[in-house]
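Architecture and fold: a report
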Amino acid sequence: MTETEELLVCRQVHPLTHDVTTFVFEYAEPRLFRHEPGQFLTLTLDIDGRPVQRCYTISSPPTRPFLLSITVKRVPGGLVSNWLHDHLKPGDTVRAHGPLGEFTTARYPASKYLFLSGGVGVTPSMAMTRTLYDLADPADVVFVHGARTPADIVFRHELDLIAATAPNIRVVHVCEEDRPYAPWGGYRGRLTIETLRQVAPDFLEREVFTCGPAPYMAAVRNMLADAGLDMDHYHEESFTFETPATPADTALATATGAGFKVEFTRSGRTVECDTDTSILAAASRAGLSLPASCAQGMCGTCKTTLVSGSVDMQHNGGIRPREVAQNKILLCCSKPLEDLVIDA
């Protein structure tokens, strides 16, 4: 794909679990997809008459370039995930920008990998594993996936098939609880250092890739750091959406006070933001929920118009020069240099 938005046509829709579905696309004009395993793209969807952007990992491998897929979990109350599940069907079109991201084995080649995933965070690990499998790569892979119940294991049958036919790839599922009429006989509970030592005794020697909900990744990160992993060999990916701050967060934002005033015209809210804090983080602390995704200046989800003022914006490709010339900024990687007025 390119720096500009491309038109994709949905060709297939595959339900995987009760709340996870894979959507398969091809270019509107016949072309091959080019991306690195584990990268993501940003979809632009027209929902209720307005464009909405969200990031999704490409779950298909680059070794199968004729089609591209994303795998999406339905989130209760989620604007985009519910729209995709309820409305997107074969023949429909979407706009996409990408690929983006450095969470990929292509950037960190190694002889031994450890993939740790929770929930739908399995998608980048799946793309990387599919790639290694397709290429008959000799790298030693331990793939550990955590799910709530056996029925929530995404890609379960395909992963088991890969493990059964590739002697260098081992797959381990960890479930927190049973499913009615489907008792779980494997590893139970949440991932612990004891379980990790059982399934991957040499985990300190592996290149580690982690993706999942923020609490899962925080727990894994701390666990591995405490165990002595060289964190230069640790990589993680997460797409999160800002939620209203807790009362403690709001109190902290009020107490710090120092900095510039940032006015959001659509909500009528004004928050304080210092020069060391991103506008998105300051808004979140003050209880203002704004669209966001990668929080790394790559995806463009938090793109908005700067009405007045100036910012220091250190992005990673999520905004184009012509958009900057039109006073667009990315809230996640912009810090105020003076008082601001923002169209959000």
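Report follows, based on the coordinates. Quantities reported herein were computed from a predicted structural model and do not represent experimental measurements.

**Brief notes about the overall build of the protein**
Tallying secondary structure elements over the protein gives 8 helices and 19 strands in all. Overall, the C-alpha framework of the protein stretches about 60 × 50 × 40 Å when taken along its three principal axes. Counting contacts in the protein only where the partners sit at least 6 residues apart, residues at least 24 apart contribute 67% of the total. Within the structure as shown, the protein displays about 15800 Å² of accessible surface, and the carbon and sulfur contribution to it stands at 52%. In the protein, 31 side chains carry a positive charge and 41 a negative one; their mean positions are 4 Å apart.

**Considering the side chain of Thr210**
Tracing the backbone through its elements, the reader meets Thr210 in strand S11 (residues 207-211). Setting aside residues no more than four positions away along its own chain, Thr210 makes contact with Phe103, Leu116, Tyr216, Met217, Val220, Tyr234, His235, Glu236 and Glu237.

**Quick look at the nonpolar core**
Generally speaking, soluble globular proteins have nonpolar side chains that are buried together. With 25 residues, the main nonpolar core has Val262, Phe264, Ile279, Leu290, Ile329, Leu331 and Ile342 as its most contacted residues. Examining the composition of this core, we find that 4 residues originate from one element, helix H7 (residues 279-285), more than from any other. Membership of the second largest hydrophobic core comes to 22 residues, among which are Tyr27, Leu43, Leu68 and Leu84.

**Focus on helix H2 (residues 122-134)**
When the terminal C-alpha atoms of H2 are compared, their 18 Å separation across 13 residues agrees well with the 18 Å that a helix rising 1.5 Å per residue should span. By the criterion of burial, H2 is predominantly enclosed, with 11 of the 13 residues buried. Listing the buried residues of H2 in full gives Val122, Thr123, Pro124, Ser125, Met126, Ala127, Met128, Thr129, Arg130, Thr131 and Leu132. Immediately downstream of H2, the backbone of Ala136 shows phi near 55°, a positive value.

**Digging into the sheet that holds strand S6 (residues 93-100)**
Whether parallel or antiparallel, the strands of a sheet pair through hydrogen bonds between backbone atoms. One open sheet holds the 6 strands; their spatial order is S4-S3-S6-S1-S2-S5, and the pairing between them is antiparallel. Edge positions in the sheet fall to strand S4 (50-57) and strand S5 (68-73), since each of these pairs with one other strand and no more. Sheet twist, expressed as the average angle between the axes of neighbouring strands with direction ignored, equals 40°.

**Quick word on the pattern of salt bridges**
In this structure the tally under the stated criterion is 24 salt bridges. The partner of Arg148 in a salt bridge is Asp152, with the nearest N and O atoms 3.7 Å apart. A salt bridge links Glu236 to Arg221, with the nearest nitrogen and oxygen atoms 2.9 Å apart. Of the two residues, Glu236 sits in strand S12 (residues 234-237) while Arg221 sits in helix H5 (residues 214-227), which places them 15 residues apart along the sequence. On the accessibility criterion, Glu236 (30% relative accessible area) is partly exposed. The exposure class assigned to Arg221 is partly exposed, which follows from its relative accessible area of 30%. Each of Lys112, Asp140, Asp202, Glu205 and Arg206 takes part in salt bridges that share partners, so that together they form one network.

**As for the packing of aromatic side chains**
Scanning the model with the defined rule gives 7 aromatic pairs in all. The rings of Phe103, Tyr108, Tyr113, Phe115, Phe143 and Phe209 are connected pair by pair, giving a single aromatic cluster. The lysine or arginine in question, Arg31, covers the ring of Tyr27, its NZ or CZ lying 4.0 Å from the ring centre. Here the basic side chain of Arg130 rests over the ring of Phe155, its NZ or CZ set 4.9 Å away from the ring centre.

**Considerations on the pairing of strand S2 (residues 20-27)**
For S2, the tally of buried residues reaches 7 of 8 residues, placing the bulk of the element in the interior. Sheet topology places strand S1 (residues 6-15) next to S2; 7 bridges connect them, and they run antiparallel. Across the sheet, the residue bridging to His14 is Thr22, located in S2. Hairpin connection, S1 to S2: the antiparallel pair is bridged by 4 residues. The pairing of S2 with S5 spans 6 bridges and is classified as antiparallel. Across the sheet, the residue bridging to Val24 is Ser69, located in S5.

**Things to note about the packing of H2 against helix H3 (residues 156-165)**
In a packed pair of helices, the relevant descriptors are the angle between the two axes and the axis-to-axis distance. Orientation of H2 relative to H3, taken along the N-to-C sense of each, is 35°, at an axis distance of 11 Å. Of the two elements, H2 crosses H3, and the hand of that crossing is left-handed. Judged by residue contacts, Met126, Thr129, Arg130 and Tyr133 of H2 engage Glu158, Leu159, Ile162 and Thr165 from H3. Per-class residue counts for the contact of H2 with H3 are 4 nonpolar, 2 polar and 2 charged.

**A short note on the environment of Asp19**
Along the polypeptide, Asp19 turns up in the loop between S1 and S2. Between the alpha carbons of Asp19 and Asn82 there is a distance of 9.8 Å; along the sequence they are 63 residues apart. Sequence-distant contacts of Asp19, that is, excluding residues within four places in its chain, are made with Val72, Lys73, Arg74, His85 and Asp152. Among the polar contacts listed, one links the side chain of Asp19 to the side chain of Lys73, at a separation of 2.6 Å.

Criteria and cut-off values
Residues numbered from 1 in each chain as written. Predicted model: local features only at pLDDT ≥ 70, side-chain atom pairs only at ≥ 80, totals over all residues. Heavy atoms only, no water. Helix = DSSP H or I, 4+ residues; strand = E, 2+ residues; numbered from the N terminus. Contact = heavy atoms within 4.5 Å. Areas by Shrake-Rupley, 256 points an atom, 1.4 Å probe, with all protein chains shown as cover. Lys, Arg positive; Asp, Glu negative; His and termini not counted. Charge placed at Lys NZ, Arg CZ, Asp CG, Glu CD. Core = buried A, V, L, I, M, F, W, Y, C linked by side-chain atoms within 4.5 Å. Buried < 20%, exposed > 50% of the residue type's maximum accessible area, 1.4 Å probe, protein only. Expected span 1.5 Å × (residues − 1). Pairing = 2+ DSSP bridges. Axes fitted to C-alpha atoms, helices over the stretch in contact; angles between N-to-C directions. Salt bridge = Lys/Arg side-chain N within 4 Å of Asp/Glu carboxyl O. Phe/Tyr/Trp six-rings, centres within 6.5 Å; stacked < 30°, edge-to-face > 60°. Lys NZ or Arg CZ within 6 Å of the ring centre and 35° of its normal. Left-handed = near helix turned anticlockwise from the far one by under 90°. Nonpolar A, V, L, I, M, F, W, Y, C, P; charged D, E, K, R; others polar. Polar contact = N/O pair within 3.5 Å; in protein donor to acceptor, adjacent residues only side chain to side chain.

Don't take any of this as a statement about function, it's just geometry.
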